[in-house]
Amino acid sequence: QVQLVESGGGLVQAGGSLRLSCVASGSIFSINTMGWYRQAPGKQRDLVAQIISGGSTNYADSVKGRFTISRDNAKNTVYLEMNSLKPEDTAVYYCNVVIRETRWARFGAYWGQGTQVTVSS
């Protein structure tokens, strides 16, 4: 069993900052990709940013230059630093981690429970 626990969401004014964290725990042999997705009401869940085990990153165009993803492999944790927040960043943010539970298992994708980010204008 793998658990993902997210924290750091909340209400912030436009132009402000928030930092999201996601800790993976449980049966973990290795972690490949760690990332963040978001889903606004009535919209599909979209990729915000992801970071692979080697450190390469990928960002949605809408957040480039404002958001920074990082990971602490020793703590099985991924972070999302969000600066210059805009009302259109309002959404539920979900952590997504690709994990192999044992040496012989396949990689599987796991989701956190989601954390609300609300940006007021």
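Owing to the predicted nature of the structure, the values given are computational and were not obtained by experimental measurement.

Some details on the overall build of the protein chain
Looking only at helices and strands, one finds zero helices and eleven strands in the protein chain. Sequence-ordered secondary structure for the protein chain, helices as α and strands as β, is β-β-β-β-β-β-β-β-β-β-β. Dimensions of the protein chain, computed from C-alpha atoms along their principal axes, come out at roughly 50 × 25 × 25 Å. Of all 121 residues assigned to the protein chain, the portion counted as buried reaches 40%.

What about the nonpolar core?
One finds Trp-36, Leu-80, Met-82 and Tyr-93 to be the most contacted residues of the largest nonpolar core, which totals 30 residues. Those elements giving two or more residues to this core turn out to be β1 (2-7), β3 (18-26), β4 (30-39), β5 (46-51), β7 (67-72), β8 (77-82), β9 (91-100) and β11 (115-120). Broken down by element, the residue count for this core peaks at five residues, all from β9.

A word on the side chain of Arg-38
Relative to the assigned elements, Arg-38 resides in strand β4. Using a relative accessible area of 14% as the deciding quantity, one classes Arg-38 as buried. Of note is the side chain of Arg-38, whose polar atom sits 2.8 Å from the side chain of Tyr-93.

Reading the values: rules and limits
Along each chain, numbering runs from 1 in the same order as the chain's sequence is written. Residues qualify for local features only when their pLDDT is at least 70, as the model is predicted, and side-chain atom pairs are given and counted only at 80 or more; totals for whole chains, interfaces and linings, by contrast, use all residues. Side-chain numbers here rest on the full set of heavy atoms in the structure, without hydrogens or water. In DSSP terms, a helix is any run of H or I states spanning at least four residues, a strand is any run of E spanning at least two, and both are numbered starting from the N terminus. Buried means the residue's accessible area, taken with a 1.4 Å probe over protein chains only, is under 20% of the maximum for its type, while exposed means over 50%, and partly exposed covers the values in between. We define a nonpolar core as any set of buried Ala, Val, Leu, Ile, Met, Phe, Trp, Tyr and Cys residues linked to one another through side-chain atoms lying within 4.5 Å. Any N or O atom pair separated by 3.5 Å or less is treated as a polar contact, with the protein-specific requirement of one donor-capable and one acceptor-capable atom, and with residues adjacent in sequence counted only for side-chain atom pairs.

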